[in-house]
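Read off the chains here:
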Amino acid sequence: MNKIAVLTSGGDAPGMNAAIRAVVRATVYHKKRIMGVQYGYQGLIDDQIVELNARSVKNIINRGGTFLKSYRSKDFMEKEGRQKAFETLKKHKIDGLVVIGGDGSLTGADIFEKEFGFPCIGIPGTIDNDIYGTHYALGFDTAVNTVIDAIDKIRDTASSHSRLFFIEVMGRDAGFIALYSGIAGGAEAILIPEMLNEEEKLLKKLKMSKARKKTSNLVVVAEGDQSGGAYELARRVGNRLPGYEIKVTILGHIQRGGSPTYFDRVLGSRMGVEAAEALLAGKSNVMVGIKNNKMIHTPLEKTIKLNPEMNRELLRIAEICSI
């Protein structure tokens, strides 16, 4: 394997640039050639490929987003599009591909390898942290820290005015951001997709808080929670507990941006080197992950079929600490 390529696909996540940098420099370190694919899988189809070297990736480890740009390619979802992507790789005499992205991106890599026998290795990059086969995905730590910063600021005004705030965070199908930021931010309640029938428990908690004359209440809600989102939940709670002054904050895409934390920079560096060296060593169709502070490999097919388990101990801690 003499020449490999790297791309980022789907939603951007802080730490992707650290991973790109590590893939590039590890490949150069081993005296092989490295190509950068711009705009994800669409860049493969449109032949947007440039050769990189160690200096190409200087001063990007501290930047959010992705140096190579990203794209959600509908063309790559079709066999014809994947055929064009394969022809582009062959044209440039590329022998293997590192894909950095979330569930959809890794699904694309798995399908592509099975159809064309082209070696692919994945790196999990998603702030939602909803990838099986790793304790942490790139961007998760930074996103949680961004949310905590916002929660701390919102609590200041909540305390000053004795208000109830509903704070909606990202997590369409997974509540990892909500759970971690809710515990770290001292939320009175956390609502996530993995837990059912939490609304009645929330109402009971809020009644108890009112009886104890708590000066502020913060409820963290994952956008994919069964409640229907923060605005809908706030409306229903307001109808049943009319004594509260209720405010809603949707944090939105602010969670995706910003300079990555040290953790995401180090994680991206470790995963990038591991992915490049694994591909150069002839391994393929796996995702690089981290468990118990060690790099591990999980088959791509497994990462996209299985769901990561929510930490039940953290759920218990959240319940205890919110009284």
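Residue indices follow the written sequence of each chain, beginning from 1 at its first position. Under the rules for a predicted model, residues below a pLDDT of 70 receive no local features and side-chain atom pairs below 80 are neither given nor counted, while totals for whole chains, interfaces and linings still include all residues. Side-chain descriptors were evaluated using all non-hydrogen atoms of the structure, hydrogens and water having been removed beforehand.

Enquirer: Explain the pairing of strand 5 (residues 120–124) to me, using residue names and the numbers behind them.
Expert: Within strand 5, 5 of the 5 residues are buried, which leaves the element mostly enclosed by the surrounding structure. Throughout, exposure labels follow a simple rule: accessible area from a 1.4 Å probe, protein chains only, divided by the maximum for the residue type, with under 20% read as buried, over 50% as exposed, and the rest as partly exposed. Secondary structure counts use DSSP, requiring at least four H or I residues in a row for a helix and at least two E residues in a row for a strand, with both numbered from the N terminus. Side-chain alternation along strand 5 places C120, G122 and P124 on one buried face and I121 and I123 on a second face that is also buried.

Enquirer: So, helix 3 (residues 79–91): which residues are in play, and what are the values?
Expert: Helix span is expected to be 1.5 Å times the residue number reduced by one. The end-to-end C-alpha separation of helix 3 is 18 Å, in line with the 18 Å expected for 13 residues at 1.5 Å each. Buried within helix 3 we find G81, R82, A85, F86, T88 and L89. Projection of helix 3 onto a plane perpendicular to its axis shows the buried side chains occupying an angular sector of 160°, all on one side. Opposite the packed face of helix 3, turned more than 90 degrees from it, sit the exposed residues E80 and K91. Contact definition: two residues touch when any of their heavy atoms are within 4.5 Å. The inward-facing, buried residues of helix 3 contact helix 2 (40–45), strand 3 (49–52) and helix 4 (103–116). Just downstream of helix 3, K93 is the residue with a positive phi angle, here 55°. Picture the helix axis, draw a direction to every C-beta atom, and the arc is the one those directions span.

Enquirer: Help me get a handle on a negative patch on the surface, residues and values and all.
Expert: A residue counts toward a patch only above 30% relative accessible area and without a salt bridge, and it is joined to like-charged neighbours within 9 Å or, for Val, Leu, Ile, Met, Phe, Trp and Tyr, to nonpolar neighbours within 5 Å. Each accessible area value is a Shrake-Rupley result obtained with a 1.4 Å probe; residue values ignore everything except the protein chains displayed when judging cover. Any Lys or Arg side-chain nitrogen located within 4 Å of an Asp or Glu carboxyl oxygen qualifies as a salt bridge. Counted as positive: Lys and Arg. Counted as negative: Asp and Glu, with His and the chain ends omitted from the count. Each charge is placed at NZ for Lys, CZ for Arg, CG for Asp and CD for Glu. On the surface, D46, D75, E78 and E80 cluster together to form a negatively charged patch. Mapped onto the elements, D46 comes out in the loop between helix 2 and strand 3.

Enquirer: Describe the environment of K114, and please don't skip the residues or the numbers.
Expert: With respect to the helices, strands and loops of the structure, K114 is situated in helix 4. A C-alpha to C-alpha distance of 52 Å links K114 and K204, two positions 90 residues apart in sequence.

Enquirer: With reference to specific residues and values, describe the sheet that holds strand 5.
Expert: Taken together, the 7 strands give an open sheet; going across it, the order is 3-2-1-4-5-10-11, and neighbouring strands pair in mixed fashion. The sheet terminates laterally at strand 3 and strand 11 (294–299), the two strands that pair on one side only. Taking the axes of each pair of neighbouring strands and ignoring which way they run, one obtains an average angle of 30° across the sheet. With 6 bridges connecting them, strand 10 (residues 286–291) and strand 11 associate as antiparallel partners. Residue pairing for strand 11: V288 is matched across the bridge by H297. Pairing between strands requires that DSSP locate at least two bridges from one strand to the other. Axis definition: a line fit to C-alpha positions, over the contact stretch in the case of helices; interaxial angles, taken between N-to-C directions, run 0 to 180 degrees.

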